[in-house]
Amino acid sequence: TCMHNHSVSAARTISCLTKIRRAMPVSIFNIYLTEQETLSFYSARKNRIKVAAENGLTLSLPWEVFKPYVTKNGISGRFAVYFNSDGKFMRLQQL
């Protein structure tokens, strides 16, 4: 198991982190929102984005997590969303 111990080597720590990452549920999806569609989120008419993940799940994610990826043209790209073992959102990463 990956226990917190000050005498654990760096290699053991990396091994533990790799195991945790592998166990973290992830969903991959593509998103393409135009500038106009993106503006509707800024005007607070909408606060969640629904996407269809490659694993067949429909995800409803808070608008806030997409803000770092907004460009003048909207939002587009391939993303991975990571969840903890309880299914709670952990992070969003553009691939």
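Scoring rules and cut-offs
Residues numbered from 1 in each chain as written. Predicted model: local features only at pLDDT ≥ 70, side-chain atom pairs only at ≥ 80, totals over all residues. Heavy atoms only, no water. Helix = DSSP H or I, 4+ residues; strand = E, 2+ residues; numbered from the N terminus. Buried < 20%, exposed > 50% of the residue type's maximum accessible area, 1.4 Å probe, protein only. Contact = heavy atoms within 4.5 Å. Areas by Shrake-Rupley, 256 points an atom, 1.4 Å probe, with all protein chains shown as cover. pLDDT = per-residue confidence, 0-100. Salt bridge = Lys/Arg side-chain N within 4 Å of Asp/Glu carboxyl O. Pairing = 2+ DSSP bridges.

This next bit is on the overall build of the chain. Tallying secondary structure elements over the chain gives two helices and five strands in all. Helices and strands in the chain line up, N terminus first, as α-β-α-β-β-β-β. Counting only residues that meet the buried cut, the chain has 27% of its 95 residues in that class. Pairs at least 24 residues apart make up 51% of the contacts formed inside the chain by residues separated by at least 6 positions. For the chain, the accessible area works out to roughly 6900 Å², and carbon and sulfur atoms hold 54% of it.

This part takes up the confidence of the model for the chain. On average, residues of the chain score 79 in pLDDT, and 73% of them are at 70 or above. Here helix α1 (residues 10–23) stands out as the least confident element of the chain, with mean pLDDT 46; strand β4 (residues 75–83) is the most confident, with 94. For the stretch residues 1–22, pLDDT sits under 50, and the model shows seven contacts to residues farther than four places along the chain or on other chains.

Residue position: T38 is located in helix α2 (residues 35–42). Those residues in contact with T38 that lie beyond four places of it in its chain are L33, W63, V70, G74 and I75.

Counted under the stated rule, the structure contains two salt bridges. Among the ionic pairs, R78 bridges to E54, the shortest N-O distance being 2.5 Å. On the criterion of sequence distance, the pair formed by R78 in strand β4 and E54 in the loop between β2 (48–52) and β3 (58–62) is long-range, its members being 24 residues apart. Classification of R78 by relative accessible area gives partly exposed; the value is 33%. As a salt-bridge pair, E64 and K67 come within 3.4 Å of each other at their nearest N and O atoms.

Before going further, it helps to spend a moment on the pairing of strand β1 (residues 26–33). The side-chain alternation of β1 yields one buried face, formed by S27, F29, I31 and L33, and one unburied face, formed by V26, I28, N30 and Y32. For β1 and β4, the ladder comprises eight bridges, and the chain directions are antiparallel. Residue I31 lies in a different strand from β4, and its bridge partner there is G77.

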